[in-house]
Every structure is written in C-alpha cells, then in structure tokens.
Amino acid sequence: MPAPTPRRWRSGTEPATARSDLKLRYLLSLTFTPLFALATAGFAVWAANAPEFGAPSRGTLTGFAVACGILTLFAAVDLVIVVRRRRTEL
C-alpha cells in the first residue's frame, strides 16, 4: 500500500488568501474598545490623584494609561476595519 499523500499541497499563497473570522474579531473589538477606554480613564484619574511619592508612582500609572490608550486605539481601528469588511463581504 503506498504512503498516504496530503489532501492538498500548500501553494505558498496562504498569507495572501487567508481569511479571518470577522464575527469573532467584531465581538472582541466591540468588547475591548470600551473596556480599554475605561481603563485609560481610570488610570489617568488615578495618576492625577496619586501622591507624589506613593506606590504605585505617578509615572507607572501614567504608563499604564498610555498603554491602555494605545490598546483602545488599536481595538477601535480594528472595529472600523471589521465593520467595513463585513459590509463589503457579507
């Protein structure tokens, strides 16, 4: 009996023709955009009201606020992209 062969050989174009699960990306972006926005506001308020030499420091809290702000921006852009792609593809 001959050795089994793969059902389909890879063509090498998978990254160009790959498709993502738009429903899952939509759900995740819709969930995490407001969550990261609230975290950004919370860390910003906490940093503004933190004592100068407290623990955690103002710099740490500001860093967390900036990181959450970047994640908010990333999730919002992904949400816009997913909504646009769903309109054209579905």
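Residues numbered from 1 in each chain as written. Predicted model: local features only at pLDDT ≥ 70, side-chain atom pairs only at ≥ 80, totals over all residues. Heavy atoms only, no water.

Caption draft 1: Spotlight on the pattern of salt bridges. By the definition in use, this model includes one salt bridge. Note that Asp-78 is salt-bridged to Arg-25, the shortest N-O span being 2.3 Å. Pair noted here: Asp-78 is in helix α3 (residues 58-89) and Arg-25 is in helix α2 (residues 22-49), with a separation of 53 residues, a long-range link. For Asp-78, a relative accessible area of 16% puts it in the buried group. (Salt bridge = Lys/Arg side-chain N within 4 Å of Asp/Glu carboxyl O. Helix = DSSP H or I, 4+ residues; strand = E, 2+ residues; numbered from the N terminus. Buried < 20%, exposed > 50% of the residue type's maximum accessible area, 1.4 Å probe, protein only.)

Caption draft 2: Spotlight on the packing of aromatic side chains. Summed over the entire model, instances satisfying the criterion amount to three aromatic pairs. Aromatic side chains Phe-43 and Phe-64 sit 5.3 Å apart centroid to centroid with 35° between the ring planes, which places their arrangement in the tilted category. Of this pair, Phe-43 sits in helix α2 while Phe-64 sits in helix α3, and the two are 21 residues apart along the sequence. Judged by its relative accessible area of 43%, Phe-64 falls in the partly exposed class. Its guanidinium or amino end placed over the ring of Tyr-26, Arg-86 lies 5.1 Å from that ring's centre, counting from NZ or CZ. (Phe/Tyr/Trp six-rings, centres within 6.5 Å; stacked < 30°, edge-to-face > 60°. Lys NZ or Arg CZ within 6 Å of the ring centre and 35° of its normal.)

Caption draft 3: Focus on the packing of α2 against α3. Remark: α2 packs on α3, axes separated minimally by 7 Å, with the N-to-C direction vectors making an angle of 155°. In terms of their interaxial angle, α2 and α3 are classed as roughly antiparallel. Crossing of α2 against α3: the hand is left-handed. (Axes fitted to C-alpha atoms, helices over the stretch in contact; angles between N-to-C directions. Parallel < 35°, antiparallel > 145°, perpendicular 65-115°, else oblique. Left-handed = near helix turned anticlockwise from the far one by under 90°.)

Caption draft 4: Representation of α3 in the model. The terminal C-alpha atoms of α3 lie 46 Å apart, and with 32 residues this matches the ideal 46 Å at 1.5 Å per residue to within 8%. Every buried residue of α3 is accounted for by Leu-61, Ala-65, Cys-68, Thr-72, Ala-75, Asp-78, Leu-79 and Val-82. The elements touched by buried residues of α3 are α2. (Expected span 1.5 Å × (residues − 1). Contact = heavy atoms within 4.5 Å.)

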